[in-house]
Amino acid sequence: QVQLVESGGGLVQPGGSLRLSCAASGSAFSGYAVGWYRLAPGKEFDLVAHISTGGSIFYADSVKGRFTISMDNAKNTLYLQMNSLEPEDTAVYYCNRDNPFRFNWGQGTQVTVSS
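Residues numbered from 1 in each chain as written. Predicted model: local features only at pLDDT ≥ 70, side-chain atom pairs only at ≥ 80, totals over all residues. Heavy atoms only, no water.

### Quick notes on the nonpolar core
Here's step 1: Trp36, Leu78, Leu80, Met82 and Tyr93 are the most contacted members of the largest nonpolar core, which totals 29 residues.
Here's step 2: Among the secondary structure elements, those contributing two or more residues to this core are strand 3 (18-24), strand 4 (34-39), strand 5 (46-51), strand 7 (67-72), strand 8 (77-82), strand 9 (91-97) and strand 10 (109-113).
Here's step 3: Looking at which element gives the most residues to this core, the answer is strand 3, with four residues. (Core = buried A, V, L, I, M, F, W, Y, C linked by side-chain atoms within 4.5 Å. Buried < 20%, exposed > 50% of the residue type's maximum accessible area, 1.4 Å probe, protein only. Helix = DSSP H or I, 4+ residues; strand = E, 2+ residues; numbered from the N terminus.)

### Here's the deal with the side chain of Arg38
Here's step 1: For Arg38, the position within the fold is in strand 4.
Here's step 2: Only 3.0 Å separates the side chain of Arg38 from the side chain of Asp89, close enough to count as a polar contact. (Polar contact = N/O pair within 3.5 Å; in protein donor to acceptor, adjacent residues only side chain to side chain.)

### Digging into unusual backbone geometry
Here's step 1: With an omega of 0°, the peptide bond between Asn99 and Pro100 qualifies as cis.
Here's step 2: Of note, Pro100 is situated in the loop between strand 9 and strand 10.
Here's step 3: If you check the backbone angles, Asn76 has positive phi at about 50° while not being a glycine.
Here's step 4: By secondary structure assignment, the location of Asn76 is in the loop between strand 7 and strand 8.
Here's step 5: One non-glycine residue, Ser84, lies in positive phi territory at about 50°.
Here's step 6: Tracing the sequence through the fold places Ser84 in the loop between strand 8 and strand 9.

Here it is as structure tokens:
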């Protein structure tokens, strides 16, 4: 079974920055679209950003201009650089391959934006 391990979350003040990492076992991301997702209390499970198999990048409107998704192919690790964080960004963040090739979800990493 493929393991997905998200890390890098924490408590940060509004306007601050965090970089999330997603480590996947083996070469689980090679040749697949990958993305970051988040779940906030009382909200839907949302796609935040993803990279297609062709290398095109999508960002949700709510994070566009503030977040950057990237992949280190050598390390098989997905990253999400988050700048200018807002309280609305508070959520548990998850990584995964895009449909229809999803793995079992990991535990995610908690991001809390608060003063």
